[in-house]
Amino acid sequence: MPFEYAPAPESRSVVDIASSYGLFINGDFVDASSGITFKTVNPATEEVLADISEAGAADVDRAVAAARAAYENVWGPMSGRDRAKYLFRIARLVQERSRELAVLETLDNGKPIRESRDVDLPLVAAHFFYHAGWADKLEHAGYGAHPRPIGVAAQVIPWNFPLLMLAWKIAPALACGNTVVLKPAETTPLTALAFADICRQADLPPGVVNIITGAGDTGRLLVEHPDVDKVAFTGSTHVGKAIQRALAGTDTRLSLELGGKAANVIFDDAPLDQAVEGVVNGIFFNQGHVCCAGSRLLLQESIAEEVVDSLKRRLGTLRLGDPLDKNTDIGAINSAGQLARIVDLVDSGDAEGADRWSAPCELPDRGYWFPPTIFTGVTQAHRIAREEIFGPVLSVLTFRTPDEAVEKANNTPYGLSAGIWTEKGSRILWMAERLRAGVVWANTFNRFDPASPFGGYKESGFGREGGIQGLGAYLSGEDH
Amino acid sequence: MTRLASIDSLPDANPGSLRRFLHGLPGVDEVGARGRVDALGTRSIKNEAKAWAIDLSIRMVDLTTLEGMDTPGKVRAMCAKAVRPDPTDPSVPSVAAVCVYGDLAATARAAVGDRVHVAAVATAFPSGRASLEVKLADVRDAIDGGADEIDMVIDRGAFLAGEYARVFEEIVAVKEACGTAHLKVILETGELRTLDNVRRASWLAMLAGADFIKTSTGKVTPAATPPVTLVMLEAVRDFRDATGRLIGVKAAGGIRTSKDAIKYLVLVNETVGDQWLVPDLFRFGASTLLNDLLLQRQRMATGHYSGPDYVTID
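As the structure is a prediction and not an experimental result, all values here were calculated from the model.

The number of helices and strands found in chain B is 14 helices and eight strands. For chain B, whose C-alpha radius of gyration is 19 Å, the value lies close to the compact-globule estimate of 20 Å for 314 residues. With the C-alpha coordinates of chain B rotated into their principal frame, the extents come out at 60 × 45 × 30 Å. With 314 residues in all, chain B has 58% of them scored as buried. Considering only contacts in chain B between residues 6 or more positions apart, those separated by 24 or more positions represent 75%. Put simply, chain B shows about 12,100 Å² of open surface, and 51% of that area lies on carbon and sulfur atoms. Here chain B contributes 37 positive and 40 negative side-chain charges, whose respective centroids are spaced 4 Å apart.

Let us now look at the overall build of chain A. In terms of regular secondary structure, chain A is built from 15 helices and 20 strands. What you see for chain A is a C-alpha radius of gyration of 22 Å, in line with the 23 Å of a compact globule of 480 residues. Considered along the principal axes of its C-alpha atoms, chain A spans approximately 65 × 50 × 35 Å. Put simply, chain A has 480 residues, and 62% of those count as buried. Counting every atom, chain A has about 17,000 Å² of accessible surface; 50% of that belongs to carbon and sulfur. Side chains of chain A give 45 positive and 61 negative charges; the mean places of these two sets differ by 3 Å.

All names here are of chain A. Each domain of chain A was delimited in the assignment, giving domain 1 (12-257 + 458-476) and domain 2 (263-442). Just the C-alpha atoms count here: the centres of domain 1 and domain 2 sit 30 Å apart. Taken together, both faces of the contact between domain 1 and domain 2 bury some 2,600 Å²; the carbon and sulfur share is 55%. Summed over the three residues of domain 1 that lose the most area to domain 2, namely Glu46, Trp159 and Lys458, the buried surface amounts to 23% of that side. On the surface where domain 1 and domain 2 come into contact, there are one salt bridge. For Arg114, the salt bridge is made with Asp329, and the minimal N-O distance between the two is 3.0 Å.

Our next topic: unusual backbone geometry. Residues Phe125(B) and Pro126(B) are joined by a peptide bond in cis, for which omega reads 0 degrees. Its place among the elements puts Pro126(B) in the loop between strand E3 (117-121) and helix H7 (132-144). Note the cis peptide between Thr221(B) and Pro222(B), where omega equals -5 degrees. As for its placement among the helices and strands, Pro222(B) is situated in the loop between strand E6 (212-214) and helix H12 (226-243). Although it is not a glycine, Lys458(A) sits at a positive phi angle of roughly 55 degrees. One can find Lys458(A) in the loop between strand E18 (439-442) and strand E19 (461-462).

This brings us to helix H4 (residues 113-134) of chain A. Between its terminal C-alpha atoms H4(A) stretches 31 Å, which fits the 32 Å expected from 22 residues at 1.5 Å a residue. Where H4(A) bends most, at Asp120(A), the angle is about 30 degrees, and the proline Pro122(A) comes one to four residues later.

Evaluation of the coordinates by the stated rule reveals 21 aromatic pairs over all chains. On the numbers, 5.7 Å between centres and 55 degrees between planes, the contact of Trp75(A) with Tyr86(A) is tilted. Residue Trp75(A) is located in helix H1 (residues 57-75), and its partner Tyr86(A) is located in helix H2 (residues 80-96); the two are separated by eleven residues in the primary sequence. The exposure class assigned to Trp75(A) is buried, which follows from its relative accessible area of 0%. Accessibility expressed as a relative area gives 18% for Tyr86(A), which makes it buried. Ring geometry for Tyr101(B) against Phe125(B): centres 5.8 Å apart, planes inclined by 80 degrees, an arrangement best described as edge-to-face. Here Tyr101(B), found in strand E2 (residues 97-101), pairs with Phe125(B), found in the loop between E3 and H7; they are 24 residues apart in sequence, far enough to count as distant. Exposure remark for Phe125(B): the relative accessible area of 10% places this residue in the buried category. Pairwise contacts between aromatic rings join Trp168(A), Trp441(A), Phe445(A), Phe448(A) and Phe454(A) into one cluster.

What follows concerns the packing of H12(B) against helix H13 (residues 258-271) of chain B. Helix packing for two helices is described by the angle between their axes and how far apart those axes are. Residue and element names in this part refer to chain B. Where H12 contacts H13, the two axes come as close as 10 Å, and the packing angle between them is 30 degrees. Judged on the interaxial angle alone, H13 and H12 are roughly parallel. For H12 against H13, the interelement crossing comes out right-handed. Each of Pro226, Thr229, Leu230, Leu233, Glu234 and Arg237 in H12 lies in contact with H13, whose residues at this interface are Tyr264, Leu267, Val268 and Thr271. Taken together, the residues of the contact of H12 with H13 break down into six nonpolar, two polar and two charged.

Here we take up helix H11 (residues 195-208) of chain B. Residues and elements named next belong to chain B. With 14 residues, H11 should reach 20 Å at 1.5 Å per residue; the first-to-last C-alpha distance of 20 Å fits that figure. Most of H11 is tucked away: 13 of the 14 residues are buried. The first or second residue beyond H11 is Gly209, which carries a positive phi of 115 degrees.

Another aspect to go through is the interface of chain A and chain B. Listed per partner, the contact involves 31 residues of chain A and 33 residues of chain B. Roughly 2,700 Å² is buried in total at the junction of chain A and chain B, and carbon and sulfur atoms are behind 48% of that figure. When residues of chain A are sorted by the area they lose upon contact with chain B, Phe3(A), Asp273(A) and Gln274(A) head the list and together hold 25% of the total. With its nearest N and O atoms 3.0 Å apart, the salt bridge here joins Arg313(A) to Asp241(B). The interface formed by chain A and chain B holds ten residue pairs in polar contact (both at pLDDT 80 or more) in total. At the level of secondary structure, the elements contributing two or more residues to the side of chain A that touches chain B comprise H4, helix H9 (272-284) and helix H10 (301-315) of chain A. Here the side of chain A that touches chain B takes six residues from H10(A), the largest share from any one element. Of the residues assigned to the side of chain A that touches chain B, the class counts are nine nonpolar, five polar and 17 charged.

Another point: the pairing of strand E17 (residues 417-421) of chain A. Residue and element names in this part refer to chain A. Counting buried positions along E17 gives five out of five residues, so the element sits mostly inside the fold. Residues of E17 alternate between two faces, with Ser417, Gly419 and Trp421 on one and Ala418 and Ile420 on the opposite face, all of them buried. Two strands pair when backbone bridges link them, and strand E12 (residues 263-266) and E17 are joined in this way by four bridges, in the parallel orientation. Looking at the pairing, Ala263 lines up with Ala418 of E17. Pairing between E17 and E18: four bridges, direction parallel. When the sheet's bridge partners are listed, Ile420 is paired in E18 with Ala442. Between the parallel pair E17 and E18, the chain is carried across by helix H14 (residues 425-434), and the sense of this crossover is right-handed.

For the rest of this paragraph, the subject is the pairing of strand E15 (residues 373-376) of chain A. Residues and elements named next belong to chain A. With four bridges joining them, strand E14 (residues 355-358) and E15 adopt antiparallel strand pairing. Bridging across to E15, Arg356 finds its partner in Phe375. Summarising the sheet, E15 and strand E16 (residues 393-399) pair through three bridges and their orientation is parallel. Its bridge partner being in E16, Thr373 is matched across the sheet by Val393.

Thresholds applied
- Residues numbered from 1 in each chain as written.
- Chains lettered and ligands numbered in written order.
- Predicted model: local features only at pLDDT ≥ 70, side-chain atom pairs only at ≥ 80, totals over all residues.
- Heavy atoms only, no water.
- Helix = DSSP H or I, 4+ residues; strand = E, 2+ residues; numbered from the N terminus.
- Rg over C-alpha atoms; globule rule 2.2 N^0.38 Å.
- Buried < 20%, exposed > 50% of the residue type's maximum accessible area, 1.4 Å probe, protein only.
- Contact = heavy atoms within 4.5 Å.
- Areas by Shrake-Rupley, 256 points an atom, 1.4 Å probe, with all protein chains shown as cover.
- Lys, Arg positive; Asp, Glu negative; His and termini not counted.
- Charge placed at Lys NZ, Arg CZ, Asp CG, Glu CD.
- Domains from an automatic or database assignment.
- Buried area = accessible area lost by both parts, 1.4 Å probe.
- Salt bridge = Lys/Arg side-chain N within 4 Å of Asp/Glu carboxyl O.
- Expected span 1.5 Å × (residues − 1).
- Bend = angle between axes of the 7 residues up to and from the residue.
- Phe/Tyr/Trp six-rings, centres within 6.5 Å; stacked < 30°, edge-to-face > 60°.
- Axes fitted to C-alpha atoms, helices over the stretch in contact; angles between N-to-C directions.
- Parallel < 35°, antiparallel > 145°, perpendicular 65-115°, else oblique.
- Left-handed = near helix turned anticlockwise from the far one by under 90°.
- Nonpolar A, V, L, I, M, F, W, Y, C, P; charged D, E, K, R; others polar.
- Polar contact = N/O pair within 3.5 Å; in protein donor to acceptor, adjacent residues only side chain to side chain.
- Pairing = 2+ DSSP bridges.
- Right-handed = clockwise from strand over helix to strand, strands pointing away.

This is the structure we're talking about:
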């Protein structure tokens, strides 16, 4: 008799969503000067959650000016010890309000509550705690005896981990003495706006954190603003390139964390049951909306059939549906636009002759959904092996020898992450030396920690976030 | 798994072939296995699903007393409870079996009749430190007393010394002595220590003819844990794929609350599927778990918690 799990939805009543939101500038919520608004929707139901202000040129000017004034007068001169107090306070407030923030994230983004509750929010708090600890110890971080902040940081973040990406950007910037203007993605602004409220609750001096909302145009106005000293962007390689072109020749500092097409490599001596879990976690975590997702599975030929069979059996147990249900594993695709991109790339996989298999799960009638999908018979030449799909779609390739595994893993314009599965320690080290990826996981995947630097090479960007290395993006020592 | 399924012949008692086979099984990454059970531990089982799981858990209990101070009176009282766990509520199902020492099997059988199974621990339980003749005599004694399930222990010393063939042959001999009685093979995973050993011992027991593989005696800490049970469930799943035979799993020792029991059912459901969610293929070896299941059941029926005085202590 089947064990049917009864619905176990997390209560929506812990969040209080306003019907409309202004821009958070200089410690206050203000309307956009143009009065233009756009809507943010729940991707699982297409229900409109709130009207959001679209910041124009005048608003960006105001936000940058507020950040400049706060930098010159308050935050820049403040001692590291005092900055730390604010950051610790923010970290604690995030923890206290984590249930509310997790529900809000799930409503706006579509990710399962299990992930926003157990992964996103604990990491958000951890990033603030970690960087709060650095604020008064920066002279020991290896950036010279007197490392100084850079100034005003313009930060543009994506929709896949809205609050976590905010934490990755704001925590180190503030710890190092910079002030920020941050723009969340247009489809997921709500947790950033809730964070603005946390800044007020923490009595953070006005102007230290400014949150402006809008789409690509707002982002362009922000990163190209002449009074910005530092730009940090996480998002697509396409936009990252445009930002780099725009900033060429200026002395604005830039760090980019862009796309990826990570290889997850399984050798025949791997712990197979855990490797299968690692593959699932690598590509189906957060609906595959993860820049470091293990979207290319490289299997040693001798175990390929066995692993694909196990993987299919495992995908059959994934629970897709209401993201607020505590038992949901796979939530909604974040937007209609992203769903269209996934469908387009999946169609190209069919057209180019790869074999598609999707987990047998029922998709809800409303909202944006895509079932966990595996392509076998994929070659390096297929689009689905080269382009970032950013969805729950795995391309399976095979290899015969370790050298071939390295060659195939590296044969991509990206270089953000990679995974190795083998019980042989020497092979892990041998592979890690040769894989051109910023993060290499061994016998695990998609593990994050604020103390561990994250970032890519090649078209996956440059600069590191997290750890001692990440502080460098927000400091300018004399000898640096 | 297909690699195992495609093996032409499973190994026999030949020491070399057993060793090659067991050491050729894929390893288990402890961190990954723990991560998997932690993730499944967050499943939220509510309302009708919880009520269903509680009743199923009751039907899967091997109600156990394995103390030096056991008396016929104690065993008879426990047997009454096994047959009718909640005297105030006839809708509560009987447990799967009572589990006692071999010398009390006859007392238990007389008390339960054929309403529940009688399991007896045997083979010099819990340490297994006796000669094969003594162990077989222990088994025959229990069966003569009326036990229809035998819970044997493996020789952990021989297993850890790599003498797999010895362990294998002992299980084969005990299975033969069991006749039609069901054989549960206790791996005592708390003494095997690594999950690699748990996987190998599981396969060894299944190859030798176990009907059930069981985590623990309950006399060693840790007893049953979710990671160990996960690995054993993976083993019975792979053994089914290789041979078509269904082997049961019994998690014994340390499972005291309904919440824990439901976590184990989730583990079964999402590892081997609902085919195993029957008392013939999954059991809890426990003494105190039953009362918590009954309290939770009363709570769900009445909407409020009663208290320990509202369930019987037998």
